[in-house]
Amino acid sequence: MAVDSGRIEAAIAEILAAIGEDAARPGLRSTPKRVAQAYTEFFAGVGVDPSAVLADSVASGGLGELVLLRDIEFRSICEHHLLPFLGAAHVAYVPGERIVGLGRLATVVATAAARPQLQEQLTEQIADAIQSGLAPQGVLVVVDAVHGCVTARGPRQTGSSTVTMASRGSLSDPVQRAGVLAMIGGPS
Ligand SMILES: [Zn+2]
């Protein structure tokens, strides 16, 4: 479903009025339209199945033990505060019958991120999409992100990042998982 820009513009004008601002002053006059454009981009993944781009996977022909795509940059919006969180996802899978172009893995991440999200939920949704789209032997997803709602409000922690992990199949095994985490260079 397409984002309804007109409703966003009206809602943003209402928020500006609610904080006591003059939504008609020159600096704010175009703000509702700008926010509507930004939200259209931020939320383009609402209602989109992130595994859909894996439909053009091809037979693996027995190729490869482990595929690891590191440092897939993403931005998302936290569903509790509608503030951005930004970071990198690392996606590893051990192929089964199917493999896919590496760019498709980045698209899975971008699609799952383009909706109101929680980092834990994003991590699980990426793992589930790869599991359902490729039926691999194992999947490991690590997400490392900095949250606007942590750095910009409340108890400001400008230097803190959050790491979450989801694993499926053979990469749920602690020994195999530790090997991949060492390659990622993240937590172990
Ligand atoms: Zn938040």
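Conventions and cut-offs
- Residues numbered from 1 in each chain as written.
- Predicted model: local features only at pLDDT ≥ 70, side-chain atom pairs only at ≥ 80, totals over all residues.
- Heavy atoms only, no water.
- Donors = N, O, S within 2.8 Å, 3.2 Å for Na, K, Ca; no water.
- Buried < 20%, exposed > 50% of the residue type's maximum accessible area, 1.4 Å probe, protein only.
- Axes fitted to C-alpha atoms, helices over the stretch in contact; angles between N-to-C directions.
- Helix = DSSP H or I, 4+ residues; strand = E, 2+ residues; numbered from the N terminus.
- Parallel < 35°, antiparallel > 145°, perpendicular 65-115°, else oblique.
- Left-handed = near helix turned anticlockwise from the far one by under 90°.
- Contact = heavy atoms within 4.5 Å.
- Nonpolar A, V, L, I, M, F, W, Y, C, P; charged D, E, K, R; others polar.
- Salt bridge = Lys/Arg side-chain N within 4 Å of Asp/Glu carboxyl O.
- Core = buried A, V, L, I, M, F, W, Y, C linked by side-chain atoms within 4.5 Å.
- Arc of directions from axis to C-beta.
- UniProt positions renumbered as here; feature names shortened; annotations may be inferred.

So, the coordination of the zinc ion
Next up, step 1: Only Cys78 (SG), His81 (ND1) and Cys149 (SG) from the protein reach the zinc ion as donors, at distances of 2.2 Å.
Next up, step 2: Judged by relative accessible area, Cys78 falls into the buried class, the value being 5%.
Next up, step 3: When its relative accessible area of 35% is taken as the criterion, His81 is described as partly exposed.

Observations concerning the packing of helix H1 (residues 5-18) against helix H2 (residues 31-42)
Next up, step 1: Taken N-terminus to C-terminus, the directions of H1 and H2 make an angle of 130°; their axes are 8 Å apart at the nearest point. For the element pair H1 / H2, the angle class is oblique. Two packed elements cross with a definite hand, and for H1 against H2 that hand is right-handed. Across the interface between the two elements, Ser5, Ile8, Glu9, Ile12, Ala13 and Leu16 from H1 touch Thr31, Pro32, Lys33, Val35, Ala36, Tyr39 and Thr40 from H2.
Next up, step 2: Looking at the contact of H1 with H2, its residues break down into eight nonpolar, three polar and two charged.

Concerning the pattern of salt bridges
Next up, step 1: In total, this model carries five salt bridges according to the counting rule given.
Next up, step 2: Salt-bridge contacts for Arg75 lead to Glu41; the nearest nitrogen and oxygen are separated by 2.5 Å. Placement of the pair is Arg75 in strand S2 (residues 67-78) and Glu41 in helix H2, with a sequence separation of 34 residues.
Next up, step 3: A relative accessible area of 43% places Arg75 in the partly exposed class.
Next up, step 4: Taking relative accessible area as the criterion, Glu41 reaches 49% and is therefore assigned partly exposed.
Next up, step 5: Arg104 serves as the salt-bridge partner of Asp56, at 2.8 Å between the closest nitrogen and oxygen. Remark: Arg104 occurs in helix H3 (residues 102-113) and Asp56 occurs in the loop between H2 and strand S1 (58-59); sequence separation between them is 48 residues.

A closer look at the nonpolar core
Next up, step 1: Ranked by size, the top nonpolar core spans 29 residues in total, and within it Phe74, Tyr93, Ile126 and Ile130 carry the most contacts.
Next up, step 2: Where this core is concerned, the elements lending two or more residues are S2, strand S3 (84-94), H3, helix H4 (119-134) and strand S6 (138-147).
Next up, step 3: With six residues, H4 is the single largest residue contributor to this core.
Next up, step 4: Leu140, Leu171, Val180 and Ile184 belong to the second largest nonpolar core, which has eight residues in total.

Quick word on helix H6 (residues 174-184)
Next up, step 1: Of all the residues in H6, the buried ones are Val180, Leu181 and Ile184. Angular distribution of buried residues about the axis of H6 spans 105°; they occupy a single face of the element. Projecting away from the buried face of H6 at angles above 90 degrees are the exposed residues Val175 and Ala182.
Next up, step 2: On its buried face, H6 sits against S2, S3, S6 and strand S7 (162-169).

Describing the UniProt feature "binding site: Zn(2+)" (unreviewed entry) in the protein chain
Next up, step 1: Under the UniProt annotation, the feature "binding site: Zn(2+)" (unreviewed entry) is placed at Cys78, His81 and Cys149. These residues run over 72 residues, yet every pair of their C-alpha atoms falls within 7.9 Å of each other.
Next up, step 2: With respect to the element layout, His81 can be found in the loop between S2 and S3.
Next up, step 3: Mapped onto the fold, Cys149 is located in helix H5 (residues 148-151).
Next up, step 4: Each residue touching Cys149, except ones within four places of it in the same chain, is listed here: Cys78, His81 and Leu83.

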